[in-house]
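Chain and residue survey
Take a look at the letters that make up each chain.
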Amino acid sequence: ISERYGYLIPIDIGSKGSCQIGGNVSTNAGGQYYYRFGSLHANVLGVEVVTAKGDVLDLMSCNRKDNTGYDLKHLFIGAEGTLGIITKIALSCPKLPTSRQAALLQCPTFNNVRTTLSTAKEKLGEILSAFEFMDYEVVCLVQQQQQQTVLIEEDDESDNPFFLLVETQGSNSEHDREKMEQFLECCMEDGFVVNGILAQDGKQMEEMWNIRESCNPIVKADGYNYKYDISIPIPEFYDMVEEMKDHLSTNYTTRSTRTVSWGHVIDGNLHLNITTPGIFTEDKTLTEVIEPYIFESVIRRNGSISAEHGLGQCKNNYLPMVKDAHVVMLMKYVKDMLDPHGIMNPGKFLPSYSSSS
């Protein structure tokens, strides 16, 4: 609907064909344009919420500047439905860009990825909208399943194992194209990008994004998926993947596993996925090898165990590992005040505890 009036929704996620905006707000969904437009905390102007007591909270003020009292809407954004049900939303929607450019690139090392990112910020500046990362393993899996070749020439895994999808959004096609070409020329002349293609039209841009957006469903079809959505400081982004590969090879020999990764490297968000190819039931032994080891490793790197997918019922009991005890207790006080009988999405988000504790 927004596009009909010349506007865009400021989040873009892989599940956009099936998700709903209320769920997006309740989970504070991120996506590939997080760097450009920010989080839903930054884009939601107002909400209406029904509490556990049946009270309807009108927090629908759409004033961009409003310092009258606590800004309570932020309590419900990202609370995963544990404090109330969001029934209305006022969302700030930017104008649709009249110019979009995209390039698919290959880098030999992750240090080259970091240099390319720094160069993109410098050369593309205000029009840089997305900077997506995929490793060789996931791109090959997508390529095999779709029975088509990737848009760039396939190189030996050991030579150029990292793929990047870079997109810009602006208002002047000639200006934006020139900036993108200068960025690519700089990257390739200095050798930290060894292969790449600049989309020539909307169809080719769509094909590039299809590779990136196919990662999740194709990996899901590979076998039981042990999925981790984490934030890692960019200098250690791929170290996390390599550490998990080493950890699994040493501590799990029951059956073969596949470790693949992709993510929004521009904001440090890594989607690390481990599968058991052809096996679609959980192996509890493997889960115990992965957890809590992976969370401890993330915390050791000063990262986050949940970047954009939330805590739900799988990570909620790890919250005390990442938040100060006083912070967790304050969260429990808020929960007890708004939902004294624990009826709002019980067993999710906060560590397991009784509402009377």
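Look above for the structure.
Numbers given for residues are sequential positions, taken from 1 along each chain in its written order. Per-residue local features are limited, in this predicted model, to residues with pLDDT of at least 70; the limit for side-chain atom pairs, both in listing and counting, is 80 or more; totals at the level of whole chains, interfaces and linings are taken over all residues. Side-chain numbers come from the whole structure's heavy atoms, not from hydrogens or water.

Some words on the nonpolar core
Counting 51 residues, the largest nonpolar core has F183, M240 and I290 as the members making the most contacts within it. In terms of residues, this core owes the most to one element, helix α10 (residues 237-251), which gives 6 residues. The contact criterion used is simple: two residues touch if any of their non-hydrogen atoms lie within 4.5 Å. Setting aside residues no more than four positions away along its own chain, F183 makes contact with L105, T116, T119, A120, K123, L124 and V166. In this text, buried Ala, Val, Leu, Ile, Met, Phe, Trp, Tyr and Cys residues form a nonpolar core when linked through side-chain atoms within 4.5 Å. Burial classes follow relative accessibility: with a 1.4 Å probe on protein chains only, a residue under 20% of its type's maximum area counts as buried, one over 50% as exposed, and anything between as partly exposed. By the criteria applied, helices consist of DSSP H or I runs no shorter than four residues and strands consist of E runs no shorter than two, each listed in order from the N terminus.

Here's the deal with the pattern of salt bridges
Here, a salt bridge means any Lys or Arg side-chain nitrogen found within 4 Å of an Asp or Glu carboxyl oxygen. A full pass over the atoms with the stated rule returns 15 salt bridges. R177 is paired through a salt bridge with E181; the nearest N and O atoms lie 3.7 Å apart. Linking R177 with E181, this pair stays in helix α7 (residues 173-190), spanning 4 residues, or about one helical turn. With relative accessibility at 21%, the residue R177 sits in the partly exposed group. Taken together, the shared-partner salt bridges in this structure form one network comprising E236, E243, R300 and R301.

Things to note about the packing of helix α5 (residues 110-124) against α7
Inter-axis angles, ranging from 0 to 180 degrees, are taken between N-to-C directions of lines fitted to C-alpha atoms, where helices are fitted over the stretch in contact. Running from N to C, α5 and α7 point in directions that differ by 145 degrees, and their axes come no closer than 10 Å. For the pair α5 and α7, the sense of crossing is right-handed. Across the interface between the two elements, T116, T119, A120, K123 and L124 from α5 touch K179, M180, F183, C186 and C187 from α7. Partitioned by chemical class, the residues of the contact of α5 with α7 number 6 nonpolar, 2 polar and 2 charged. By definition, turning the near helix anticlockwise from the far helix through less than a right angle yields a left-handed crossing, and turning it clockwise yields a right-handed one. Any residue outside Ala, Val, Leu, Ile, Met, Phe, Trp, Tyr, Cys, Pro, Asp, Glu, Lys and Arg is labelled polar, Gly included; the first ten of those are nonpolar and the last four are charged.

Side note on the packing of α10 against helix α12 (residues 293-300)
Between α10 and α12, whose axes approach to 11 Å, the crossing angle comes to 145 degrees. When you trace α10 past α12, the crossing you get is right-handed. Here M240, E243, M244 and H247 of α10 lie close against α12, whose contacting residues are Y293, I294, S297, V298 and R300. The residue inventory of the contact of α10 with α12, partitioned by class, reads 5 nonpolar, 2 polar and 2 charged.

Details of the sheet that holds strand β4 (residues 99-107)
Within a beta sheet, neighbouring strands are joined by backbone hydrogen bonds and run either parallel or antiparallel to one another. Here, strands pair whenever DSSP counts at least two bridges between them. Taken in spatial order, the 7 strands make up an open sheet running β7-β4-β6-β5-β9-β10-β8, and their pairing is antiparallel. Each edge of the open sheet is held by one strand with a lone partner, namely β7 (195-198) and β8 (223-231). Pairs of neighbouring strands in the sheet enclose a mean axial angle of 15 degrees, with direction left out of account. Of the pairings in the sheet, the one linking strand β5 (residues 128-135) to strand β9 (residues 258-264) comprises 2 bridges and is antiparallel in character. Bridging across to β9, M134 finds its partner in W262. Lying on the sheet, α5 is in contact with β4, β5 and β6 (162-170); it crosses β5 at an angle near 170 degrees.

Digging into the sheet that holds strand β2 (residues 56-59)
Taken in spatial order, the 3 strands make up an open sheet running β2-β1-β3, and their pairing is antiparallel. Strands with a single pairing partner mark the edges of an open sheet, and in this sheet they are β2 and β3 (85-91). Taking each pair of neighbouring strands and ignoring which way they run, the sheet shows an average axis angle of 15 degrees.

Some points on the environment of N63
With respect to the helices and strands, N63 occurs in the loop between β2 and α4 (73-76). Spatially, the C-alpha atoms of N63 and V25 are 19 Å apart, while their sequence positions differ by 38 residues. Two N or O atoms form a polar contact when they lie within 3.5 Å of each other; inside protein one atom must be a possible hydrogen donor and the other a possible acceptor, and for residues adjacent in sequence the pair counts only when both atoms belong to side chains. At 3.3 Å, the side chain of N63 and the side chain of S61 are in polar contact.

With respect to the packing of aromatic side chains
By convention, a stacked pair of Phe, Tyr or Trp rings (six-membered ring in the case of Trp) has centres within 6.5 Å and planes under 30 degrees apart, an edge-to-face pair has planes over 60 apart, and any other such pair is tilted. For the coordinates displayed, the defined rule picks out 13 aromatic pairs. Each ring, one from Y228 and one from F295, has its centre 5.9 Å from the other, and the planes form 70 degrees; the classification is edge-to-face. Of this pair, Y228 sits in strand β8 while F295 is found in helix α12, placing the two residues 67 residues apart along the sequence. On the accessibility criterion, Y228 (3% relative accessible area) is buried. Cluster of aromatic residues (ring-pair linked, three or more members): F110, F133, F162, F237 and Y238. The aromatic ring of Y7 is capped on one face by K95, whose charged end is 4.8 Å from the ring centroid. Put simply, a charge is over a ring when the Lys NZ or the Arg CZ is close to the ring centre, within 6 Å, and near the line of the ring normal, within 35 degrees.

Details of the layout of surface pockets
There is about 1000 Å³ of room inside the largest pocket. If you trace the largest pocket, you find 38 residues lining it, with N216, K227, D229, H271 and H309 closest to the centre. The greatest single-element share of the lining of the largest pocket, amounting to 6 residues, is contributed by β8. Across the lining of the largest pocket, the residue classes tally to 12 nonpolar, 17 polar and 9 charged. Its volume calculated, the second largest pocket comes out at about 860 Å³. In this structure, the second largest pocket is lined by 34 residues; those nearest its centre are N28, G78, L311, K323 and F349. Grid points spaced at 1 Å and placed over the protein atoms alone form the basis of the search, with a cavity being a set where a 1.4 Å probe fits but cannot get out and a pocket an open set showing protein on both sides within 12 Å along at least five of seven lines. Lining residues have an atom within 4 Å of a point. Grid points are joined across faces, edges and corners, and a volume is the space filled by probe spheres set on the points.

Notes on helix α14 (residues 325-338)
Given the number of residues in a helix, its expected span is that number minus one, multiplied by 1.5 Å. Here α14 is 14 residues long and its end C-alpha atoms lie 20 Å apart, about the 20 Å a rise of 1.5 Å per residue gives. For α14, the complete set of buried residues consists of V328, K332, V334, K335, D336 and L338. Those residues of α14 hidden inside the fold are in contact with α4 and α13 (319-322). Two or three places before H326, at the start of α14, stands the capping residue D324, its side-chain oxygen 2.8 Å from that residue's backbone nitrogen.

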